Structure formats: structure tokens, C-alpha cells
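An overview of the molecular structure
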Amino acid sequence: MPGEARQVTIRPGKFESIYCVVKMSCLVQLPANELVMSLESGAGNGKDTQWWIKKAGNGRYVQIKPVDPDIKNTLHILTDHNNAYTFEIFEASHLAVPIDVRVDLLNENGDEADQRSKQEPVFVSASEVNRWKAEAEGAKTKADALVQHANDEAHRQIIEARNAEINKQDHHYAFDRDRPPFYVLDIYTADQMTYIRIDPNIDETPILNVVKDGKDELPDYQYEKGLYKISGRVLKGVLIAGKKSLKFEYKAAGA
């Protein structure tokens, strides 16, 4: 009759016996932390194909089931921790021995196999590798999407900021655009500042005067790379280069 589950202590160089009967399966459980990587069996009694040996996914369990009486074989289990367990397996319906329905393997006494079972796995199954690869690819796709979203959001904010800056600009100035030797490209005000943009490659940088109460005055301004920055809103002014001058004047919208 079937016996209770046995706990088998595995020691180096020792083969254990497992006793099964026809039409019943025996379940072998590996030590904690270990997973089945491969199964090999010998040609016992010339009936190797008569044994049904199946591992349950990539877990800790191996199922053994004979379909003929009085046959025997050898079973080798290789685990992900590089431990190899070897058993003699018997169909024992005519033997005076307890029948195994479950065998729990234990590694004890601090031997080498026990130490390996407590460490990280040496081997990883192909399905596990594929799962990790799929997870990594999924994470990369998600990261790429987040980066793209961040780039799109940053671009949107830049465009909005640029549009907001443009909307603050008042370009209602009258002047002779591109007239030499000044080559003025644009004049506008924004945030209580006046800006005059000229071709930065001209030979001589014009002097800037503003007109207040009919008189020319030298304003407080900065010039860098073709751009004048003048404090306040300039309503009327003049650029002077040698004996030539270019006047500009603010014209309100609709004026």
C-alpha cells in the first residue's frame, strides 16, 4: 500500500531508491530554492520508454509514473543550482517495500550540494530568460514612451513660452528696413524694454540716440551681436553711422 511522504537526505555519492506502482504517480520535490532544469534516465531493463517522467513546468517537482510492472530505471535530476540527484526507480507492486507517493529531498550537514542550494542559481531556463527579455523590452518600450512624452512636453512648453514672448512684443515701429549701412531687421518693445535688431555683420556699429522733447539723447542701452537693448519704451530715436542716420518712431496700432 502507498506510504506517507518520505523525506530523503541527499549525501554526495549516495543513490536513493524510489518505489512506485503501476497506475499511480510518485511526486519528487526538490530542496527549497532549487528548480528542475533537466531530466535524464537510463535504459533499465530495456524499457526506458515505459517510464513516464515529467517535470511540472520549471518548478520544484518531478512526476514519476510506471506503466508496466516489475521494471526499473535510473533517474538523474539536474537543478538550476548545478546539483545533480540520482535515483534508482522501481515498479514495486511485487516487492515487499513501502510504496512512495511523494519524496521530499533535503540537503543537510553543510555539504557542497547544500551550500550550492542556498546560493543564487547557476542556470536559468530558456523560458525564464525569455520572460526577463520580454520584461526588459517592455520596460524599455515604456521608458522610451516616457522619454518621448517628456520631450514632447518640453517642446510644447518651449513653443508656448516662445509664443507667449512673441505675444508680448509690440512691433509697431516705422523705419526703413534693411537700409544700408544700418540694415535694421526689426524694432519692438516687450516688458518695458525696447529692442533693435540689426545685421551683426555690418562694418560699423551705429550709435543710438533717442529723441525726447525734440532733442537727441544718449540712452542707457546694451549692444551685443546685432541686438540693442534699451531700458523703457522708446517712442522715437535715431541710429547714426558716420554722416548717415536712420530715424525710427513708434506708431500705435491703427494710427
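Observations regarding the overall build of the chain
The secondary structure content of the chain amounts to two helices and 18 strands. Within the chain, the fraction of its 255 residues that count as buried is 31%. When contacts within the chain are restricted to residue pairs at least 6 apart in sequence, long-range pairs at least 24 apart make up 61% of them. Carbon and sulfur atoms make up 52% of the accessible area of the chain, which amounts to about 15800 Å² in all.

Examining the sheet that holds strand β18 (residues 244–250)
Read from one edge of the open sheet, five strands run β10-β18-β17-β13-β14, paired in antiparallel fashion. At either end of the open sheet lies a strand with only one pairing partner, and these are β10 (173–174) and β14 (215–217). Where strand β17 (residues 236–241) and β18 come together, six bridges link them in antiparallel fashion. Directly across from L239, in β18, lies its bridge partner L246.

Looking at the pairing of strand β15 (residues 221–224)
Where β15 lies against strand β16 (residues 227–231), four bridges are found, and the strand directions are antiparallel. Paired with Y221 across the bridge in β16 is I230.

What about the pairing of β17?
With four bridges connecting them, strand β13 (residues 207–212) and β17 associate as antiparallel partners. Its bridge partner lying in β17, I207 is registered against I240. Counted along the chain from β17 to the antiparallel partner β18, the turn is two residues long, and its residue G242 has a positive phi close to 65 degrees.

A look at the side chain of E34
Residue position: E34 is located in the loop between β3 (26–29) and β4 (36–41). A polar contact of 2.5 Å, which involves the side chain of E34, links it to the side chain of T79. Within the structure, E34 has its side chain in polar contact with the side chain of N83 (distance 3.2 Å).

Observations concerning the sheet that holds strand β8 (residues 84–91)
Pairing is mixed across the open sheet formed by four strands, whose spatial order is β2-β8-β7-β4. On the outer flanks of this sheet lie β2 (16–20) and β4, each paired with one strand and no other. Each neighbouring strand pair of the sheet contributes to a mean axis angle of 30 degrees, computed without reference to strand direction. Looking at chain direction, strand β7 (residues 72–79) and β8 are connected through seven bridges and run antiparallel. Bridge pairing in β8 links T74 to E88.

Details of the state of the cysteines
Applying the stated criterion across every chain, the model contains zero disulfides. You can see C20 has no disulfide; the closest cysteine sulfur is in C26, sitting 4.4 Å from it. The class for C20 is buried, based on a relative accessible area of 1%. When its relative accessible area of 0% is taken as the criterion, C26 is described as buried.

Remarks on unusual backbone geometry
Geometrically, the link from P180 to P181 is a cis peptide bond, its omega value of 5 degrees lying close to zero. Here P181 is to be found in the loop between β10 and β11 (184–190). A positive phi angle, near 70 degrees, is found at K23, a position not held by glycine. Unusually for a residue other than glycine, D191 sits at a positive phi of about 50 degrees. Relative to the assigned elements, D191 resides in the loop between β11 and β12 (193–198).

What to know about the nonpolar core
With 18 residues, the main nonpolar core has V184, I196 and F248 as its most contacted residues. Broken down by secondary-structure element, the contributors of at least two residues to this core are β11, β12, β13, β16, β17 and β18. Of all the elements, β18 adds the most residues to this core, at three residues. Beyond its immediate stretch of four places on either side in the chain, V184 contacts F175, R177, D178, I196, R197, I198, L239 and L246. If you look at the next biggest cluster of nonpolar residues, it comprises 17 residues, including C26, V36, L75 and V103.

Cut-offs applied
Residues numbered from 1 in each chain as written. Predicted model: local features only at pLDDT ≥ 70, side-chain atom pairs only at ≥ 80, totals over all residues. Heavy atoms only, no water. Helix = DSSP H or I, 4+ residues; strand = E, 2+ residues; numbered from the N terminus. Buried < 20%, exposed > 50% of the residue type's maximum accessible area, 1.4 Å probe, protein only. Contact = heavy atoms within 4.5 Å. Areas by Shrake-Rupley, 256 points an atom, 1.4 Å probe, with all protein chains shown as cover. Pairing = 2+ DSSP bridges. Polar contact = N/O pair within 3.5 Å; in protein donor to acceptor, adjacent residues only side chain to side chain. Axes fitted to C-alpha atoms, helices over the stretch in contact; angles between N-to-C directions. Disulfide = S-S within 2.5 Å. Core = buried A, V, L, I, M, F, W, Y, C linked by side-chain atoms within 4.5 Å.

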